[in-house]
Amino acid sequence: MPGGPDPVAGGVQWAFTEFKTFYSSPAVVGTRVFVSAADKGIFRDRGAIYCLDALGGGVVWKYAPKGFRATYSSPAVAEG
């Protein structure tokens, strides 16, 4: 959190479990984490773009229309 105290101990603060595979780096802007997710296998190919709350890990929004395939590119954020 900007302006917050420095971390003094490690450990998992939260986990995102809706998807398990990420082939790219997240984009972090303020308290938002933007990630692209992939679920690719022999009989499946689906993906989604998520905006997560960096403080608690909750989903702010998700973009995954029907037929959206596994996503491998890192998200980019422009103009906020």
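This text goes with the structure placed above it.
What comes next is a walk through the structure. (Residues numbered from 1 in each chain as written. Predicted model: local features only at pLDDT ≥ 70, side-chain atom pairs only at ≥ 80, totals over all residues. Heavy atoms only, no water.)

Observations regarding the pattern of salt bridges
Two side chains bearing opposite charge may form a pair once their charged atoms approach each other closely. Following the criterion strictly, the structure yields six salt bridges and no others. Across the pair E18 and K62 runs a salt bridge, and its minimum N-O distance is 2.9 Å. Remark: K62 occurs in strand β4 (residues 59–63) and E18 occurs in the segment before β1 (27–29); sequence separation between them is 44 residues. Here E18 falls in the partly exposed class, since its relative accessible area comes to 40%. Take K62: its relative accessible area is 45%, and that puts it in the partly exposed class. (Salt bridge = Lys/Arg side-chain N within 4 Å of Asp/Glu carboxyl O. Helix = DSSP H or I, 4+ residues; strand = E, 2+ residues; numbered from the N terminus. Buried < 20%, exposed > 50% of the residue type's maximum accessible area, 1.4 Å probe, protein only.)

Topic: the pairing of strand β2 (residues 32–40)
The two faces of a sheet get side chains in turn, since along a regular strand they alternate between them. Along β2, seven of the nine residues are buried, which leaves the element largely enclosed by surrounding structure. Direction of pairing for β1 relative to β2: antiparallel, over a ladder of three bridges. Within β2, the residue paired with V28 across the bridge is V33. Between β1 and β2, which pair antiparallel and follow one another directly, the connecting turn spans two residues, one of which, G30, has a positive phi of 60 degrees. In this sheet, strand β3 (residues 45–53) lies alongside β2 in antiparallel orientation, the contact comprising nine bridges. Within β3, the position partnered with V35 by the bridge is Y50. (Pairing = 2+ DSSP bridges.)

By themselves, these figures tell us nothing about what the structure is for.
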